[in-house]
Amino acid sequence: MNAPALRVLIVEDEPKLAQLLVDYLVRDGFVCESLGDGSQAIDRMRAFDPAIVLLDLMLPGKDGLTICRELRTFSTVPVIMLTARVDEIDRLLGLELGADDYLCKPYSPREVVARVRALLRRTRQWSTAETASSDVLTLDRERFEARIGHRTVALTQVEFRLLAKLHERPGHVLSRAQLLDAAYVDHRVVSDRTVDSHIKNLRRKLADAAPDFDPISSVYGVGYRYEN
Ligand code: CA
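Residues numbered from 1 in each chain as written. Predicted model: local features only at pLDDT ≥ 70, side-chain atom pairs only at ≥ 80, totals over all residues. Heavy atoms only, no water.

Asker: Report on the coordination of the calcium ion, specifying residues and quantitative values.
Answerer: Distances from the calcium ion to its protein donors, Asp 13 (OD), Asp 56 (OD) and Met 58 (O), fall within 2.1 to 2.3 Å. Since its relative accessible area comes to 2%, Asp 56 is described here as buried. (Donors = N, O, S within 2.8 Å, 3.2 Å for Na, K, Ca; no water. Buried < 20%, exposed > 50% of the residue type's maximum accessible area, 1.4 Å probe, protein only.)

Rendered as structure tokens:
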């Protein structure tokens, strides 16, 4: 390999699972370090300076939520959250943790490697992108990516669905209830507050990619509107 190896920090307290991840990622050319105790995670992140972090939710010492929040006060390193429960993922999505992706156990290590690669590709494109040549938004429904000019913004599925719904009716105000219907295809019970927090994250991601591009506005007491 010509490019320097990228470092991955794995915070996972199940030794077999951690080792499996290390084996696959090392085989794929990454340099890995793993720890099983959450209380050391922040120190290691500072010292090891990983290109990406795989972070288990349930950890001894300090849980993944707390670690992710602390990490976001000083770092934008991409984080993939690992959880044993698929129903946890929705709850996590509403918490504005700042995680970039989520994987539910049991996952195949192959899938983990693919997601690590994909996330690194997205975040690196994003950070090295030039100023958007035009503020034209395009949506890639297969990859859940928004493109502004030639910048790519990686979105969660919920964020993507919200943006797509707003984007298809520019100039129209959509209520939180309409947005909830669009965002949660299986009609789970989530609060209006959840829509607000997803929209907030979405606007932040768009603003990070293109600072002058802020097409979503909130209409007080009603909902949200997309304007070109
Ligand atoms: Ca665990």
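Back to the write-up after that little detour.
Asker: Could you give me a rundown of the packing of aromatic side chains, with the residues and numbers involved?
Answerer: Counted according to the given criterion, the structure contains one aromatic pair. Note on Phe 144 and Phe 160: the rings are 5.5 Å apart at their centroids and 85° apart in plane angle, and the pair reads as edge-to-face. Of this pair, Phe 144 sits in the loop between strand E6 (137-140) and strand E7 (145-148) while Phe 160 sits in helix H6 (residues 157-168); the two residues are 16 residues apart in sequence, bridging distant segments of the chain. Arg 7 extends its terminal NZ or CZ atom over the ring of Phe 48, reaching a point 5.7 Å from the ring centre. (Phe/Tyr/Trp six-rings, centres within 6.5 Å; stacked < 30°, edge-to-face > 60°. Helix = DSSP H or I, 4+ residues; strand = E, 2+ residues; numbered from the N terminus. Lys NZ or Arg CZ within 6 Å of the ring centre and 35° of its normal.)

Asker: Report on the pattern of salt bridges, specifying residues and quantitative values.
Answerer: As enumerated under the stated definition, the model contains 17 salt bridges in all. Ionic contacts of the salt-bridge type, sharing partners, join the residues Glu 12, Glu 14, Asp 56 and Lys 105 into one network. (Salt bridge = Lys/Arg side-chain N within 4 Å of Asp/Glu carboxyl O.)

Asker: Describe the sheet that holds strand E4 (residues 79-83), and please don't skip the residues or the numbers.
Answerer: Judged by pairing direction, the sheet is parallel, and its five strands sit side by side in the order E2-E1-E3-E4-E5 without closing on themselves. Pairing within the sheet leaves two strands with one partner each, and these edge strands are strand E2 (31-35) and strand E5 (101-104). Neighbour-to-neighbour, the strand axes of this sheet turn through a mean angle of 20°, independent of strand direction. Note: E4 against E5, four bridges, orientation parallel. Bridging across to E5, Thr 83 finds its partner in Cys 104. Contacts from helix H1 (residues 15-27) reach strand E1 (7-11), E2, strand E3 (52-56) and E4 within the one sheet, and its direction differs from that of E2 by about 170°. Together, E1, E2 and E3 form the strand contacts of helix H2 (residues 41-48), whose direction differs from that of E1 by roughly 175°. (Pairing = 2+ DSSP bridges. Axes fitted to C-alpha atoms, helices over the stretch in contact; angles between N-to-C directions. Contact = heavy atoms within 4.5 Å.)

Asker: Quick rundown of the pairing of strand E11 (residues 223-226)? Include the residues and the values.
Answerer: Pairing of strand E9 (residues 173-175) with E11, which is carried by three bridges, proceeds in the antiparallel orientation. Each bridged residue has a counterpart across the sheet, and for Ser 175 the counterpart in E11 is Gly 223. Of the strand pairs in this sheet, strand E10 (residues 216-219) and E11 are connected by four bridges, and their pairing is antiparallel. Across the sheet, residue Ser 218 finds its bridge partner in E11, namely Tyr 224. Counting the residues that bridge the hairpin from E10 to E11 gives three residues, and of these Gly 221 lies at a positive phi of roughly 80°.

Asker: Explain the sheet that holds E9 to me, and be specific about the residues and the numbers.
Answerer: In space, the three strands of this open sheet follow the order E9-E11-E10, with antiparallel pairing throughout. The sheet terminates laterally at E9 and E10, the two strands that pair on one side only. Neighbour-to-neighbour, the strand axes of the sheet open up by a mean angle of 35°, direction not taken into account. H6 rests against E9, E10 and E11 of the sheet, and its axis sits at about 65° to E11.

Asker: I'd love a proper account of the nonpolar core, names of residues and values included.
Answerer: By size, the foremost hydrophobic cluster in this structure holds 27 residues, and its most contacted members are Leu 137, Ile 148, Leu 163, Leu 166 and Ile 216. For this core, the secondary-structure elements that each account for two or more residues are E6, E7, H6, helix H7 (176-183), helix H8 (192-209) and E11. Those residues in contact with Leu 166, other than ones at most four positions away along the chain, are Leu 174, Leu 179, Ile 199, Ile 216, Tyr 224, Arg 225 and Tyr 226. (Core = buried A, V, L, I, M, F, W, Y, C linked by side-chain atoms within 4.5 Å.)

It is worth stressing that arrangement in space is one thing and function is another; only the former is reported here.
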